[in-house]
Amino acid sequence: MGGAKNFMLRLLLIAAVLAVWEVLVKITGVPEYILPAPSRIFYAMYNGIKSNVYPQHFFVTLTETLLGFLVGTILAFMLGTVVALSRRVEYFLYPFIVMFQAMPKVALAPLIIVWFGLGLTSKVINAALVAFFPLMVNTIVGLRSAEEDRINLMRSLAASRTQIFFMLQLPNALPYIFAGLEIAMIFALIGAIVAEFVGAERGLGMLIQSMNFNMDVAGQFSILLILSLLGLVLNGIVNLARRHLLFWETANTGEETANTSKKGGSV
Amino acid sequence: MSEMNRAAQAARMDSPSSTDVIAVDRLSLTYGGGASGVLALSDISFSIADGEFISIVGPSGCGKSTLLKILAGLLPPSEGQAKLNGTPIRGARRDIGVVFQTPVLFPWRTVLGNVLLPADVQGLDKEKMRKRAMDLVRLVGLEGFENRYPRELSGGMQQRVGIIRALIHDPAILLMDEPFGALDAMTRETMNVELQRIWMESGKTVLFITHSTSEAVYLADRVIVMTARPGKIGDVFKVDLPRPRPLDIMNTEAFGAYVKRIRVALNADGGLD
Ligand SMILES: Nc1ncnc2c1ncn2[C@@H]1O[C@H](COP(=O)(O)OP(=O)(O)OP(=O)(O)O)[C@@H](O)[C@H]1O
Ligand SMILES: [Mg+2]
């Protein structure tokens, strides 16, 4: 696909959908506190930007998400590596892993707020918890996916375990790890928002909550828009890093690995 | 098998001399334990003298690759043992170079990077090895491709990278598992000539597995024929042709006679695949 013509068609389609939405809302007379027209949403967005309420909440949520992502993925990579390299550790940790993987992690948010308060810490912990599993699982699968022939080659050279890890298993696992990071990034954002819903003083999630209370539906839509843009940008950053580090993968095979290895589990 | 060959084989197999680099003694290997195990090699004995070039031919699935993996220290034998310079093989050794049946390249390393892998693993001098790698790259006609990635190469080019990777650390022993199987006939002949030249210059001991009887005869001092499952040593043929052998030696009567006898032995042992 691609090409200027198709791009124009795409824009046209979006405009058409917005126009139909606008007209339908006007014709049916749905009240604004149920479904606002697009024009009202953009107006709410404009007001929010003008009165400067968004930035402080935006940066709070962004900080929570990024810190949660960092903490969660660093721990996930370390634990995933230990599990992948040691059958013994895997044997003893397996019951815990299975139990936590099946559990909807966001259900822990109320407890985490009770334990860690309304501030930044509880949001970071919740985001980290949700971001943890997709990367841990992909790290394990990726590190174990090195072909037997390649392992045999390294062994035939009398390579040490450390050398096999750094020269073969780790680069071999990178496509899986990046697929995991991509999910972890979005999951971290979800984790932060959910924790803000449960209890927070600042953040876009808390802002949605308070607007909901005031029946400011157009305002909520404007924040949803901001959140999807934020998600897109965060995802783009991971993708950029991926393309840089996975230079040997053509775009096609990269997509394939990403799709076949997206074993993220639940939020 | 002629009397002469039988005598030569007996002489070699019954009296392992002190110059034997590899000595395989009543080796057996079963894949998987218990009653469901697959007996891949059964009671294999032979030895290879220092600097000798041995070809092994045999039907598909007779255990050639398995034998090579045992000699490379990748697979412990179920029974019997294989010795290298008098000591039993336990684990991999740095003085062995292995060429596998498939190229086994790392997609994140360039051609040069793949060739240098053994040097990196063994911590050899970088500058010296780089020079050597470039010489090897030229030797197999890959100059201009040294900074490309494996996915940019044809199957035959990839296999050539796999071959010179086994030479980079200058191992005394080369174990080669059908290294030229994926090459076109022309390149294959060139590689045969080159391998003979490298072998004559370096005095390496070579174990060379192939499906091609003429390739086996062209290269080897002795050709070992293995029988179908479970793999056993069949006949052993000593090839008395002068070195260096030019390619057109393949058109001579003497050469043809060797090829014919080995084919007959192969067919008697269960046929070529
Ligand atoms: N990892 C394994 N587990 C179980 N059986 C195996 C394994 N590897 C090989 N085998 C079996 O052992 C036998 C010998 O295999 P091997 O690969 O050594 O044959 P080969 O002579 O190299 O064949 P080819 O000429 O086709 O490469 C075959 O019957 C094969 O099915
Ligand atoms: Mg084989």
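Residues numbered from 1 in each chain as written. Chains lettered and ligands numbered in written order. Predicted model: local features only at pLDDT ≥ 70, side-chain atom pairs only at ≥ 80, totals over all residues. Heavy atoms only, no water.

(A) Quick look at the pattern of salt bridges. All names here are of chain B. Evaluated as defined, the whole model comprises 18 salt bridges over all chains. We note a salt bridge from Arg26 to Asp25, for which the minimum N-O separation is 3.2 Å. Under the relative-accessibility criterion, Arg26 is labelled exposed at 52%. (Salt bridge = Lys/Arg side-chain N within 4 Å of Asp/Glu carboxyl O. Buried < 20%, exposed > 50% of the residue type's maximum accessible area, 1.4 Å probe, protein only.)

(B) Examining the interface of chain B and chain A more closely. Each partner contributes to the interface: chain B provides 24 residues, whereas chain A provides 18 residues. Both faces considered, chain B and chain A share a buried interface measuring about 2,000 Å² in area, 66% of it formed by carbon and sulfur atoms. Per-residue buried area on chain B facing chain A is highest for Leu74, Trp108 and Val121 of chain B; these three make up 33% of the total on that side. Between the two partners, chain B and chain A, sit zero salt bridges. At the boundary of chain B with chain A, the tally comes to nine residue pairs in polar contact (both at pLDDT 80 or more). With four residues, the single largest contributor to the side of chain B that touches chain A is helix 4 (residues 117-121) of chain B. (Contact = heavy atoms within 4.5 Å. Buried area = accessible area lost by both parts, 1.4 Å probe. Polar contact = N/O pair within 3.5 Å; in protein donor to acceptor, adjacent residues only side chain to side chain. Helix = DSSP H or I, 4+ residues; strand = E, 2+ residues; numbered from the N terminus.)

(C) Quick look at the coordination of the magnesium ion (ligand 2). All names here are of chain B. Distances from the magnesium ion (ligand 2) to its protein donors, Ser65 (OG) and Gln101 (OE1), fall at 1.9 to 2.4 Å. On the criterion of sequence distance, the pair formed by Ser65 in helix 2 (residues 64-71) and Gln101 in the loop between strand 6 (96-99) and helix 3 (111-115) is long-range, its members being 36 residues apart. We classify Gln101 as partly exposed; its relative accessible area is 41%. (Donors = N, O, S within 2.8 Å, 3.2 Å for Na, K, Ca; no water.)

(D) Structural context of the site of ligand 1. All names here are of chain B. In the vicinity of ligand 1 there are 13 residues, among which Ser60, Gly61, Lys64, Ser65 and Thr66 approach most closely. With respect to ligand 1, the side chain of Thr66 contributes an N or O atom lying 2.5 Å from an oxygen atom. One of the side-chain N or O atoms of His211 is found 3.4 Å from an oxygen atom in ligand 1. Coverage of ligand 1 by the protein amounts to 66% of the 630 Å² it exposes when considered alone. Among the elements that line the shell around ligand 1, the one with the most residues is helix 2, at three residues. Among the residues making up the shell around ligand 1, the classes are represented as three nonpolar, seven polar and three charged. (Near = heavy atom within 4 Å. Areas by Shrake-Rupley, 256 points an atom, 1.4 Å probe, with all protein chains shown as cover. Nonpolar A, V, L, I, M, F, W, Y, C, P; charged D, E, K, R; others polar.)

(E) View of helix 5 (residues 109-116) of chain A. Residue and element names in this part refer to chain A. Turning to helix 5, its buried residues number three or more, namely Ala109, Ile112 and Ile113. Within helix 5, the buried residues cover an arc of 100° as seen down the axis, which keeps them to one side. Opposite the buried face of helix 5, at more than 90 degrees from it, the exposed residues are Val114 and Trp115. For helix 5, the secondary structure elements touched by its buried residues are helix 6 (120-144) and helix 8 (161-198). Looking at the residues trailing helix 5, positive phi occurs at Gly117, about 85°. (Arc of directions from axis to C-beta.)

(F) Representation of the pairing of strand 7 (residues 173-177) of chain B in the model. Residue and element names in this part refer to chain B. Among the five residues that make up strand 7, five are buried, leaving the element largely enclosed by the rest of the structure. Residue alternation in strand 7 divides its side chains into two sets, Ile173, Leu175 and Asp177 and Leu174 and Met176, and both sets are buried. In this sheet, strand 7 lies alongside strand 6 in parallel orientation, the contact comprising four bridges. Its bridge partner being in strand 7, Ile96 is matched across the sheet by Ile173. By the bridge criterion, five bridges tie strand 7 to strand 8 (residues 205-209) in an arrangement that is parallel. Within strand 8, the residue paired with Leu175 across the bridge is Leu207. The parallel pair strand 7 and strand 8 is bridged by helix 7 (residues 185-202), and the resulting crossover is right-handed. (Pairing = 2+ DSSP bridges. Right-handed = clockwise from strand over helix to strand, strands pointing away.)

(G) Main features of the packing of aromatic side chains. On inspection of all chains with the given rule, the structure shows 14 aromatic pairs over all chains. Put simply, the rings of Phe247 and Trp248 of chain A together with Phe106, Trp108 and Tyr149 of chain B pair up and form one aromatic cluster. (Phe/Tyr/Trp six-rings, centres within 6.5 Å; stacked < 30°, edge-to-face > 60°.)

(H) Highlighting the sheet that holds strand 1 (residues 20-31) of chain B. Residue and element names in this part refer to chain B. Read across the open sheet, the four strands follow the order 2-1-4-5; overall the sheet is antiparallel. The open sheet has two edge strands, strand 2 (38-49) and strand 5 (87-88), and neither has a second partner. As judged from the two bridges shared by strand 4 (residues 79-84) and strand 5, these two strands associate in the antiparallel manner. By the bridge assignment, Lys83 is partnered in strand 5 with Pro88. Across the sheet, helix 2 touches strand 1, strand 2 and strand 4, and the angle it forms with strand 1 is around 120°. (Axes fitted to C-alpha atoms, helices over the stretch in contact; angles between N-to-C directions.)

(I) A look at the packing of helix 1 (residues 4-28) of chain A against helix 2 (residues 38-50) of chain A. All names here are of chain A. Axis separation between helix 1 and helix 2 bottoms out at 8 Å; the angle between their running directions is 105°. With respect to each other, helix 1 and helix 2 are oriented roughly perpendicular. Between helix 1 and helix 2, the residues in contact are Leu18, Trp21, Glu22 and Lys26 and Pro38, Ser39, Ile41 and Phe42, respectively. A per-class count over the contact of helix 1 with helix 2 returns five nonpolar, one polar and two charged. (Parallel < 35°, antiparallel > 145°, perpendicular 65-115°, else oblique.)

(J) Highlighting the pairing of strand 3 (residues 53-57) of chain B. Residue and element names in this part refer to chain B. The buried count for strand 3 comes to five of five residues, which makes it a mostly enclosed element. In strand 3, alternate side chains face the same way, and those of Phe53, Ser55 and Val57 on one face and Ile54 and Ile56 on the other are all buried. Examined bridge by bridge, strand 3 and strand 9 (residues 222-226) share four bridges and lie parallel to one another. In the sheet register, Val57 faces strand 9, and the bridge partner there is Val225.

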